[in-house]
Amino acid sequence: MAETHAPCVLVVEDESAQREVLKYNLEAEGFEVKLAENGDEALLLVQEERPDLVVLDWMLPNVSGIEVCRQIKADPDTRPIPIIMLSARGDEVDRVRGLETGADDYVVKPYSVVELMARLRTQLRRTRPATMGERLSYSDIILDAGEHRVFRGGKALHLGPTEFRLLSTLMEKPGRVWTREQLLDRVWGRDIYVDTRTIDVHVGRLRKALMTHGGDNPVRTVRGTGYALG
Ligand code: CA
């Protein structure tokens, strides 16, 4: 995960011991971890930090896990964030209700950490393949996130770390139009101030690198908005 940002996981759990166990295990796996102890805090952190995944306890005081899930999935900006619900209640009715709220997966307490990590990786491989070391391809371009290599038409390309992160973001969602702000959040992180024009400079470098051995420019400028692959 060295050259792409580690996925950020938000853990929402009111019991501090369980929260700390999850934090410890997630950090040991290389994830960045944010913690919330109630639903209001969770919703605020989802807006501010845009985590890549939420591990959400069902039983929370005040705003329930189900309500947090419903609100995250009701907002088009946060809807794509996968949610794994944790619950002590394991019967089928609860399971169905959990999934109807829009949760992407459901783990029954007491759960094994190994199982939870496997479920989490399954979700992240789907939504953030580059951060999980997957091999992405688009047209004649291949990005191997595990090996940190990029090929076009079978020939190796040399990309700087920023251009690599930019390309992996674009290749995770070909065709999606990214605003400059969204790319800055994804490529540089939300906590760093970078002028949006900086993105144009790096897109220029990325295009040049991608066309080293010929071929069309695959990174489209969307006027007044940002960029898209294809
Ligand atoms: Ca709880």
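Look up: the structure comes first, before these words.
The rules we used
Residues numbered from 1 in each chain as written. Predicted model: local features only at pLDDT ≥ 70, side-chain atom pairs only at ≥ 80, totals over all residues. Heavy atoms only, no water. Helix = DSSP H or I, 4+ residues; strand = E, 2+ residues; numbered from the N terminus. Rg over C-alpha atoms; globule rule 2.2 N^0.38 Å. Buried < 20%, exposed > 50% of the residue type's maximum accessible area, 1.4 Å probe, protein only. Contact = heavy atoms within 4.5 Å. Areas by Shrake-Rupley, 256 points an atom, 1.4 Å probe, with all protein chains shown as cover. Donors = N, O, S within 2.8 Å, 3.2 Å for Na, K, Ca; no water.

Undergrad: What should I look at first to understand the overall build of the chain in this one?
TA: For the chain, the count of helices and strands is 8 helices and 12 strands. Computed over C-alpha atoms, the radius of gyration of the chain comes to 19 Å, within 12% of the 17 Å expected from 2.2 N^0.38 for 230 residues, which places it in the range of a compact globule. Along the first, second and third principal axes, the C-alpha atoms of the chain reach 60 × 35 × 30 Å. For the chain, with 230 residues in total, the buried portion stands at 45%. Across the chain, contacts joining residues at least 24 apart in sequence account for 58% of those joining residues at least 6 apart. Of the roughly 11400 Å² of accessible surface on the chain, 49% is carried by carbon and sulfur atoms.

Undergrad: Sorry if this is basic, but what is going on with the coordination of the calcium ion here?
TA: A metal bound by six donors in octahedral fashion has ideal angles of 90 or 180 degrees, whereas one bound by four tetrahedral donors has an ideal angle of 109.5 degrees. Note on the calcium ion: its protein donors are Asp14 (OD), Glu15 (OE), Asp57 (OD) and Met59 (O). The metal-donor distances range over 2.0 to 2.9 Å. The sequence pattern describing where the donors of the calcium ion fall on their chain is D-E-x41-D-x1-M. Pair noted here: Asp14 is in the loop between β1 (8-12) and α1 (16-28) and Asp57 is in strand β3 (residues 53-57), with a separation of 43 residues, a long-range link.

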